[in-house]
Amino acid sequence: MRLYKDLLVGDQIGYKKYQILWRLRHNKFQLGVYIILMAPDPQNLMEVIPASLLRQPYYQKQDLFVLGIAGSKQEAYELVRQLIEEVYRETGGVALREYIQ
């Protein structure tokens, strides 16, 4: 699992950021946390999934690139919107993969 250098963190996460990241790295069960991932499929930009899904065998085999963490699905979608707006403002398009790299 790799983390985006400018990791997006929702307001509901706040001071629990490092505890949540530790739990993600050590495959601990978490409720009420949503993860924003770079989609493995190049046709898609991002995925928003509950952190509890990361314990599934499919996700454990993947090289995940975490863009952000949020305390609710709505907050995760708001972070996605903010990131897309930032990419569009900087590049004039939505080439997220090129912007991140």
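Only a predicted model underlies this, so the values are computations on that prediction, with no experimental measurement involved.

Peer 1: I keep staring at the pattern of salt bridges and nothing clicks. Help me out?
Peer 2: For side chains bearing opposite charge, pairing can occur when the charged atoms are close. Scanning the model with the defined rule gives three salt bridges in all. Note that arginine 2 and aspartate 63 form a salt bridge whose closest N and O atoms lie 3.4 Å from each other. Here arginine 2, found in strand S1 (residues 2-9), pairs with aspartate 63, found in the loop between helix H2 (57-61) and strand S4 (65-70); they are 61 residues apart in sequence, far enough to count as distant. Residue arginine 2 is classed as partly exposed on the basis of its relative accessible area of 43%. Looking at aspartate 63, the relative accessible area reads 53%, which means it is exposed. Through salt bridges with shared partners, a single ionic network connects Glu78, Arg81 and Glu85.

Peer 1: How should I be thinking about the sheet that holds strand S3 (residues 46-50) in this particular structure?
Peer 2: Backbone hydrogen bonds are what pair the strands of a sheet, in a parallel or an antiparallel way. Ordered in space as S1-S4-S2-S3, the four strands form an open sheet in which the pairing is mixed. Edge positions in the open sheet fall to S1 and S3, since each of these has one partner strand only. Across the sheet, the mean angle separating the axes of adjacent strands is 25 degrees when strand polarity is ignored. Packing against the sheet, helix H1 (residues 17-25) makes contact with S1, strand S2 (34-38) and S4, and its axis sits at approximately 145 degrees to S1.

Peer 1: How do you make sense of the environment of valine 48 when you look at a structure like this?
Peer 2: Structurally, valine 48 can be placed in strand S3. A sequence separation of 25 residues divides valine 48 from lysine 73, and the C-alpha atoms of the two residues are 7.7 Å apart. Not counting the four nearest positions on each side in its chain, valine 48 is found in contact with Tyr34, Ile35, Ile36, Ala76, Tyr77 and Val80.

Cut-offs applied
- Within each chain, residues carry numbers counting from 1 in the order of the written sequence.
- Only residues with pLDDT of 70 or above have their local features reported here, since the model is predicted, and side-chain atom pairs are shown and tallied only from 80 upward, although totals for entire chains, interfaces and linings are computed over all residues.
- Side-chain figures throughout are based on the complete set of non-hydrogen atoms in the structure, without hydrogens or water.
- What makes a salt bridge here is a side-chain nitrogen of Lys or Arg within 4 Å of a carboxyl oxygen of Asp or Glu, nothing more.
- By the criteria applied, helices consist of DSSP H or I runs no shorter than four residues and strands consist of E runs no shorter than two, each listed in order from the N terminus.
- Here the term buried applies to any residue with accessible area under 20% of the maximum for its type, exposed to any over 50%, and partly exposed to those in between, with areas from a 1.4 Å probe on protein chains only.
- Pairing between two strands requires that DSSP report at least two bridges joining them.
- Axes, fitted as lines to C-alpha atoms, cover a helix only where it is in contact. Angles between the N-to-C directions of the axes lie from 0 to 180 degrees.
- Only heavy atoms enter the contact rule, under which two residues are in contact if any of them lie within 4.5 Å.

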